[in-house]
Amino acid sequence: MHIKIGLKIFAFIILFCLTKQIEIYVLLMIFAILHELAHLLAGIILKLKPKGIEVNPFGLSVTFEGIGENFKNKIQQKKILIALAGPFINLAIAIALIIFGQNQTLIIYANLILFLVNLLPIYPLDGGRVLKSILHIKLGHFESCKITNKISNSTLRS
């Protein structure tokens, strides 16, 4: 497994330090990392081998061996479960803080934002990945790519 650190992360850290917003950035990074660790755990539970982890300005990105452009429906189902694991850990954190009465409004909002944004049907966000895999199972590879691109582009234009 390889680990790659994008140099842009240092530019973001400097920017957030200069604007005195580093606490917010660190908070979002912590929960983005937990989000990606949920993807990693889901993949491991589904018996996939992690291929690499990339650290970028918005968290981590996890890749698995044998899952990339594999077109089998069973792999597509695994892709859906892996993609949903990230946003739902953010939702679980927010719900747990609400249920257990922790007055951590900023943490609750940060996790709800990560949950909602990642479920948008924009590829390569998790919602776009889920959409593409569902369409792949129903319509095949070519149509799933075509429709996902149309939806992603129209969502970004709105």
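**Student:** For unusual backbone geometry, give the residues involved together with the corresponding values.
**Tutor:** The residue after Tyr 123, namely Pro 124, is reached through a cis peptide bond having omega 20 degrees. Backbone geometry at Lys 47 places phi at a positive 65 degrees, although glycine is not the residue there. Take Lys 47: it is sitting in the loop between helix H2 (22-45) and strand S2 (50-56). Lys 47 sits in the exposed class, given a relative accessible area of 74%.

**Student:** Give me the lowdown on helix H4 (residues 105-118), citing residues and values where you can.
**Tutor:** Compared with an ideal rise of 1.5 Å per residue, which puts 14 residues at 20 Å, H4 spans 20 Å between its outermost C-alpha atoms and is within 8% of the ideal. Burial in H4 covers these residues: Ile 107, Ile 108, Ala 110, Asn 111, Leu 114, Phe 115 and Asn 118. Each buried residue of H4 lies within a common arc of 165 degrees when the element is viewed along its axis, so the set occupies one face. For H4, exposure combined with an orientation more than 90 degrees from the buried face picks out Leu 106, Tyr 109, Ile 113 and Leu 116. Elements that come into contact with the buried residues of H4 comprise H2, helix H3 (73-99) and helix H5 (126-139).

**Student:** So what about the environment of Ala 32? Which residues, and what values?
**Tutor:** For Ala 32, the location among the structural elements is in helix H2. Classification of Ala 32 by relative accessible area gives buried; the value is 9%. Each C-alpha atom of the pair Ala 32 and Asn 111 lies 8.6 Å from the other, and the pair is 79 residues apart in sequence.

**Student:** Explain the pattern of salt bridges to me, using residue names and the numbers behind them.
**Tutor:** One pass over the structure, following the stated rule, counts 1 salt bridge. For Glu 143, the salt bridge is made with Lys 146, and the minimal N-O distance between the two is 3.3 Å. Taken together, the residues span about one helical turn, with Glu 143 and Lys 146 both in helix H6 (residues 141-157) at a distance of 3 residues. The exposure class assigned to Glu 143 is partly exposed, which follows from its relative accessible area of 28%.

**Student:** Kindly report on the pairing of S2, identifying the contributing residues and their values.
**Tutor:** For S2, a buried count of 5 out of 7 residues is recorded, marking the element as mostly surrounded by other parts of the structure. Bridge count for S2 against strand S3 (residues 59-64) is 6 bridges, and the pairing is antiparallel. In the sheet register, Pro 50 faces S3, and the bridge partner there is Phe 64.

**Student:** A description of the packing of H2 against H3 should follow, citing residues and the corresponding values.
**Tutor:** A pair of packed helices is captured by two measures, namely the crossing angle of their axes and the spacing between those axes. The contact between H2 and H3 brings their axes to 8 Å, and the two run at 135 degrees. Relative to H3, the element H2 lies oblique. For the pair H2 and H3, the sense of crossing is right-handed. Between H2 and H3, the residues in contact are Phe 31, Leu 34, His 35, Ala 38, His 39, Ala 42 and Gly 43 and Leu 81, Ile 82, Ala 83, Ala 85, Gly 86, Pro 87, Ile 89, Asn 90 and Ile 93, respectively. By residue class, the composition of the contact of H2 with H3 is 11 nonpolar, 5 polar and no charged.

**Student:** Tell me about the environment of Ala 94, and please be specific about residues and values.
**Tutor:** Mapping Ala 94 onto the fold places it in helix H3. Residue Ala 94 is classed as buried on the basis of its relative accessible area, which comes to 0%. Residues Ala 94 and Ile 107, 13 residues apart in the sequence, show an inter-C-alpha distance of 7.4 Å. Beyond its immediate sequence surroundings of up to four residues, Ala 94 is in contact with Ile 108, Asn 111 and Leu 112.

Definitions and limits used
- Residues numbered from 1 in each chain as written.
- Predicted model: local features only at pLDDT ≥ 70, side-chain atom pairs only at ≥ 80, totals over all residues.
- Heavy atoms only, no water.
- Helix = DSSP H or I, 4+ residues; strand = E, 2+ residues; numbered from the N terminus.
- Buried < 20%, exposed > 50% of the residue type's maximum accessible area, 1.4 Å probe, protein only.
- Expected span 1.5 Å × (residues − 1).
- Arc of directions from axis to C-beta.
- Contact = heavy atoms within 4.5 Å.
- Salt bridge = Lys/Arg side-chain N within 4 Å of Asp/Glu carboxyl O.
- Pairing = 2+ DSSP bridges.
- Axes fitted to C-alpha atoms, helices over the stretch in contact; angles between N-to-C directions.
- Parallel < 35°, antiparallel > 145°, perpendicular 65-115°, else oblique.
- Left-handed = near helix turned anticlockwise from the far one by under 90°.
- Nonpolar A, V, L, I, M, F, W, Y, C, P; charged D, E, K, R; others polar.

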